[in-house]
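Analysis of the macromolecular model
Take a look at the letters that make up each chain.
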Amino acid sequence: MKPPPGGLTAYEAAGARYERQPYNRSGRSGLRLPAVSLGLWHNFGDDRPITTSRAILRKAFDLGVTHFDLANNYGVPYGSAEANFGTIFQQDFLKYRDELIVSTKAGYDMWPGPYGEWGSRKYVLASLEQSLKRMRLDYVDIFYSHRPDPDTPLEETMGALDHAVRSGKALYAGVSNYSPEQTAQAARIMRELGTPLLIHQPSYSMVNRHIEGGLLDTLEQEGMGCIVYSPLQQGLLTDRYLKGVPDDSRAATSRFLSEEQVNRELAGGLNKIAEQRGQSLAQMALSWALRDPRVTSVLIGASSTAQLEANVAMVDGPPFTDDELAAIDELTGPASSAGR
């Protein structure tokens, strides 16, 4: 095999990669996921150097992160995160395929026309085929319906997920951004089809606690796991904004976050609790999201190996005391909600 481009040497995974973090069972299934998983929503498209993306993926696996999470429209332009991941996977991770969980999703807009988004069988299965081609994989481990479709019968969307599993192009099926009621209905349909839903992927953080209003209870009842995205609230729960909004920050440059969402007073109060715990604010936020045993894994993004390594170090943090949890609740408000 030729060495990868960009001056990097051929990759050999760290021998101690499974000694760092815990692996939690997803609901009542037999699958265990790392406490910290890597999301490729940002920083893996064509707008970022592939050498940086490669270094982050290598470091993640060396730290025991066995789960890489994607979607069809991740990256700039759409699909580029999957394509770049596929290039890196073929060069670095092919021999580790059976040690990795790779997931992708279909649901948001991906290509023009009436068949390029939502939940029809045509779109969902076409998207999976495209994702497999971009990533140069025979199958993904988890395939999600990325959001519910208000105009397509849930039986049709779930039937497409069932077909994806039965065809061998996905090992497990999941949903993302579904309400508790939609999740329960989807789980019932999939049980009847014989392909139980493995997991739900909602947003969740100290300042976005909507899943405490019923979804976690539903997942427990249905035997599903829960992997949460945006546990750092797009970076708001880090030390990035403690002194203001940097010009190069996501709040200043991204369409997914605005300067109006930055709350320095809240972040400062939470940061004081984190310091008392011997953690960074980001580490505490990740630990907090995992405090509930119904949460299987937290999805983090990373723009550098240093940031990744610092966030994965949250697994070394202490358990929360009742006083610490009460102090966090006082600042954030239990079951409060924020936008996606």
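Structure shown above.
The following paragraphs examine the structure supplied in this document. (Residues numbered from 1 in each chain as written. Predicted model: local features only at pLDDT ≥ 70, side-chain atom pairs only at ≥ 80, totals over all residues. Heavy atoms only, no water.)

Quick word on the nonpolar core
What counts is decided by this rule: Here, the term nonpolar core denotes a set of buried Ala, Val, Leu, Ile, Met, Phe, Trp, Tyr and Cys residues that are joined through side-chain atoms within 4.5 Å. Here the term buried applies to any residue with accessible area under 20% of the maximum for its type, exposed to any over 50%, and partly exposed to those in between, with areas from a 1.4 Å probe on protein chains only. By definition, any uninterrupted DSSP run of H or I lasting at least four residues is a helix, any uninterrupted run of E lasting at least two residues is a strand, and each is numbered from the N terminus. Between two residues, a contact is recorded if the distance between any of their heavy atoms is within 4.5 Å.
The biggest cluster of nonpolar side chains holds 86 residues, and the ones touching the most others in it are Leu-38, Phe-68, Met-158 and Leu-197. Ranked by the residues each element gives to this core, the list is headed by helix 9 (residues 281–289), at seven residues. Residues contacting Phe-68, with those up to four places away along its chain left out, are Leu-38, Leu-40, Leu-57, Ala-60, Phe-61, Phe-85, Leu-100, Ile-101, Val-102 and Ser-103. Of all hydrophobic cores here, the second largest spans 10 residues; its members include Leu-33, Leu-198, Ile-227 and Leu-299.

Quick word on helix 9
Counting buried residues along helix 9, nine of its nine residues qualify, which places the element largely inside the surrounding structure. Leu-281, Ala-282, Gln-283, Met-284, Ala-285, Leu-286, Ser-287, Trp-288 and Ala-289 are the residues of helix 9 that are buried. Considering only its buried residues, helix 9 is in contact with strand 9 (225–228), helix 8 (264–277), strand 10 (297–300), helix 10 (305–312) and helix 11 (322–332).

What about the pattern of salt bridges?
How we decide: In what follows, salt bridge is the name for a side-chain nitrogen of Lys or Arg lying within 4 Å of a carboxyl oxygen of Asp or Glu.
Inspection of the entire model under this criterion finds 22 salt bridges. Lys-105 is the salt-bridge partner of Asp-69, the closest N and O atoms lying 2.7 Å from each other. Of this pair, Asp-69 sits in strand 4 (residues 67–69) while Lys-105 sits in strand 5 (residues 101–106), and the two are 36 residues apart along the sequence. Given the relative accessible area of 0%, Lys-105 is considered buried. Arg-209 serves as the salt-bridge partner of Asp-329, at 2.8 Å between the closest nitrogen and oxygen. With Asp-329 in helix 11 and Arg-209 in the loop between strand 8 (197–201) and helix 6 (215–222), this residue pair connects regions lying 120 residues apart in the sequence. Take Arg-209: its relative accessible area is 3%, and that puts it in the buried class.

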